[in-house]
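Given next are the chains, with one letter for each unit.
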Amino acid sequence: MSVGEQFLKTDSLTSEISLFAMVFSWQGGFEARQLLLWFLLLAVREWGSGQVHYSVPEEAKHGTFVGRIAQDLGLELAELVPRLFRVASKGRGDLLEVNLQNGILFVNSRIDREELCGRSAECSIHLEVIVDRPLQVFHVEVEVKDINDNPPVFREGEQKVLVSESAPLESRFPLEGASDADMGLNSLLTYRLSLNEYFTLKIVTKTDKSILPELILRKPLDREEMPELNMLLTALDGGKPELTGSVQIHITILDVNDNAPEFDKPSYKVLLFENVPNDTRVIQLNASDLDEGPNREISYGIRMILPVSEKCMFSINPETGEIRIYGKLDFEENNEYEIQVKAIDKGIPSMAGHCTVLVQVLDLNDNTPEVTVTSLSLPVREDAQVGTVIALISVSDPDSGANGQVTCSLTPQVPFKLVSTFKNYYSLVLDNTLDRESVANYELVVTARDGGSPSLSATASVSVDVADVNDNAPTFAQPEYTVFVKENNPPGCHIFTVSARDSSRASTGAAGAEAALVDVNVYLIVAICAVSSLFVLTLLLYTALRCSAPPSEGACGPGKPRLVCSSAVGSWSYSQQRRQRVCSAEGPPKTDLIAFSPSLPQSREDCLSSSSEVSP
């Protein structure tokens, strides 16, 4: 076995040590081994960044080992559960499962390749492996290998063949072949005919590589001696062990009418677009018969060969041989039909000729792409790093060729972008920095458009909320304030109000609560000042009543008591004029000085004992 074969058969491609051992065990020159080592290391890195492939035979038992998926994806067993390791398979149900204890992918339920992929040459299950923290996605392809679990099947249990007794030697009589639902060698059929003295079996290979059995007449027939003949036709497939199916061949020997109808060609090919209207003409066939009279009058019949179904999608006019559509052609459901047409004359007994019509269905762009958004990671913090994965997006289109090739685009001028991770799979990632104070929500539209003409498209909306972080300091309405304050204000008097604003969501709420608390304090201070004013006014009135004696009119006599305001908030005080005038050497007496008595006098004499006066 070569080093390359050993490399391909290695279960795990993560051990470069094993690669060194394999290379240096190879009996080659130093330069050749060095070149091979470089190639293998490059293949290891490419394998690690690409897709993981496994294979499993169909009909495998429950629990059958498929692969060490956790190890092959580079994931530790201990992080499978914390990182929410999960496997998704679109439309595949729970065929495969992963044991989170040992990281092994195993068969969970019955896998039938024919049911899963029909007659497609390739059959695989695509798995999408997703883990969180950080969000990662891996793609795993599991090839479903065919086993020989379907025997050859004939459409009917008995085939009837009409043979004229005048048929020449080497005459050919086509038989209906068997079908096998398996693929590859398992569906390769051979035929075997029971021993008889009149007919041998010949296998005919058609242009499409399919084979059909034919009876070859080796000995002249005599209806009077043997009017009927029965044989057994057995079909064998190419599987190991081989499976078989059989059909009874009943031959009726005919007299007189010795010419069978013949078509212009043994096979015809027709191309039709899908979704053509019902009753659309497919082809006009014509068969001829060399006999005369009723023996040359022909009627046509039709029978489906592929696909094997009881429903016939075509009809034929028994008199003219014109074939028309009798149903809806859908390329995605079936893209090829094989029809066997029989032309029967009206002789007694009748004879028949056969031809094959192959109808190939051409694809139209009649399916709109589908967009699926999965694994949303919302909301997104405004300090998230560029390249953060926000969501996983998959697109699909059942059409073929350019009609099924889908491209994705995103709403322009947004701080996000789509990154292709695999065929028809995308990641929505952060492409620029976010600022919740500028934009708190993004309504993104993902558009999937196929390559048809005209093209079809589909959209999916993704609403991305930006989560706030405390990244803004509080700011005042202006950088500087100038305030004039009167002297002698009592403690607790309201002087000025300032406010600050924080654009962060949490800080804004705190600032609003603080502003409300300041307003409450202002109202409390005003109420206290009002009550204090009433109390002082009451005391002043009481003092005025006690000192109600009229004062003398002397220049230095006591003046009339006056009420003056002692503060800017309206607190009233009672003052006594004193007999002493306060004078200034620089000019007239000051008029902005008001002196207040700290206490009320006890008698009128006390009121007159003051020896000074303050000018108002």
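Quantities reported herein were computed from a predicted structural model and do not represent experimental measurements.

A.B. asks: Is there a simple way to explain the overall build of the protein in this structure?
C.D. replies: Helices and strands together make up the secondary structure of the protein, namely 7 helices and 35 strands. Put simply, the protein has 616 residues, and 36% of those count as buried. A separation of at least 24 residues holds for 65% of the contacts in the protein among residues at least 6 apart in sequence.

A.B. asks: So what exactly am I meant to see when it comes to the pattern of salt bridges here?
C.D. replies: A side chain with one charge can pair with a side chain of the opposite charge if their charged atoms come near. Under the definition given, this model contains 18 salt bridges. The partner of Glu176 in a salt bridge is Arg303, and the shortest N-O contact between them spans 3.1 Å. Taken together, the residues Glu176 in the loop between β9 (172–174) and β10 (190–193) and Arg303 in strand β19 (residues 298–306) connect sequence positions 127 residues apart. Glu176 gets classed as buried once you look at its relative accessible area, which sits at 15%. Notably, a salt bridge pairs Arg436 with Glu437, separated by 3.5 Å at the nearest N-O pair.

A.B. asks: Please explain the state of the cysteines as it appears in this structure.
C.D. replies: Structurally, a disulfide amounts to a covalent bond that connects the sulfur atoms of two cysteines. All told, the structure shown has 1 disulfide when counted by the stated rule. Between the sulfur of Cys117 and that of Cys123 lies a disulfide, 2.0 Å long from S to S. When the S-S torsion is 70°, as for the bridge of Cys117 with Cys123, the disulfide is right-handed.

A.B. asks: Please explain the pairing of strand β1 (residues 52–57) as it appears in this structure.
C.D. replies: Looking down a regular strand, the side chains alternate between one sheet face and the other. Side chains of β1 alternate between two faces, with Val52, Tyr54 and Val56 buried and His53, Ser55 and Pro57 left unburied. Bridge analysis of β1 against strand β7 (residues 136–145) gives 6 bridges, and the strand direction is parallel. Residue Val56 lies in a different strand from β7, and its bridge partner there is Val144.

A.B. asks: Would you explain a nonpolar patch on the surface in this entry?
C.D. replies: Residues Phe476, Val483, Val485, Ile495, Phe496 and Val498 make up a contiguous nonpolar surface patch of roughly 560 Å² in combined accessible area. Looking at where Phe496 falls in the secondary structure, it is placed in the loop between β32 (475–476) and β33 (500–501). Relative accessible area serves as the criterion here: at 44%, Phe496 is assigned to the partly exposed category.

A.B. asks: Is there a simple way to explain the sheet that holds β10 in this structure?
C.D. replies: Sheets are built from strands paired through backbone hydrogen bonds, the pairs being either parallel or antiparallel. Taken together, the 4 strands give an open sheet; going across it, the order is β8-β14-β13-β10, and neighbouring strands pair in mixed fashion. Every interior strand has two partners, whereas the edge strands, β8 (158–164) and β10, have only one. Averaged over all pairs of adjacent strands, the angle between strand axes in this sheet comes to 30°, irrespective of strand direction. Of the strand pairs in this sheet, β8 and strand β14 (residues 244–254) are connected by 7 bridges, and their pairing is parallel. Counterpart to Lys160 in the pairing with β14 is His250.

A.B. asks: Can you walk me through unusual backbone geometry in this structure?
C.D. replies: Peptide bonds are trans in most cases, and residues, glycine excluded, mostly fall at negative phi. The omega torsion across Lys240 and Pro241 is 0°, close enough to zero to call that bond cis. Position of Pro241 relative to the elements: it lies in the loop between β13 (228–236) and β14. The linkage connecting Ile348 with the following residue, Pro349, adopts the cis geometry, with an omega of -10°. Relative to the helices and strands, Pro349 resides in the loop between β22 (336–345) and β23 (352–362). Its identity as a non-glycine residue notwithstanding, Glu59 has a phi of 65°, on the positive side. Along the chain, Glu59 falls in the loop between β1 and β2 (65–67). For Leu84, which is not glycine, the phi dihedral falls at a positive 55°.

A.B. asks: What should I look at first to understand the sheet that holds strand β30 (residues 441–450) in this one?
C.D. replies: Taken together, 4 strands build an open sheet; the order of strands is β25-β31-β30-β27 and the sheet is mixed. Lying at the two open borders of the sheet, with one neighbouring strand each, are β25 (380–381) and β27 (406–410).

A.B. asks: Would you mind showing me how to read the pairing of strand β4 (residues 96–99) here?
C.D. replies: The two faces of β4 differ: Leu96 and Val98 on one face are buried, but Glu97 and Asn99 on the other face are not. The pairing of β4 with strand β5 (residues 104–107) spans 4 bridges and is classified as antiparallel. Counted as the bridge partner of Glu97 is Phe106 from β5. Once β4 ends, the chain turns through 4 residues before running back antiparallel as β5, passing Gly103 with a positive phi of about 70°.

Calculation criteria
Residues numbered from 1 in each chain as written. Predicted model: local features only at pLDDT ≥ 70, side-chain atom pairs only at ≥ 80, totals over all residues. Heavy atoms only, no water. Helix = DSSP H or I, 4+ residues; strand = E, 2+ residues; numbered from the N terminus. Buried < 20%, exposed > 50% of the residue type's maximum accessible area, 1.4 Å probe, protein only. Contact = heavy atoms within 4.5 Å. Salt bridge = Lys/Arg side-chain N within 4 Å of Asp/Glu carboxyl O. Disulfide = S-S within 2.5 Å. Pairing = 2+ DSSP bridges. Patch = residues over 30% accessible without salt bridge, like charges linked within 9 Å, V, L, I, M, F, W, Y side chains within 5 Å. Areas by Shrake-Rupley, 256 points an atom, 1.4 Å probe, with all protein chains shown as cover. Axes fitted to C-alpha atoms, helices over the stretch in contact; angles between N-to-C directions.

Functional significance is not addressed by these values, which are geometric in nature.
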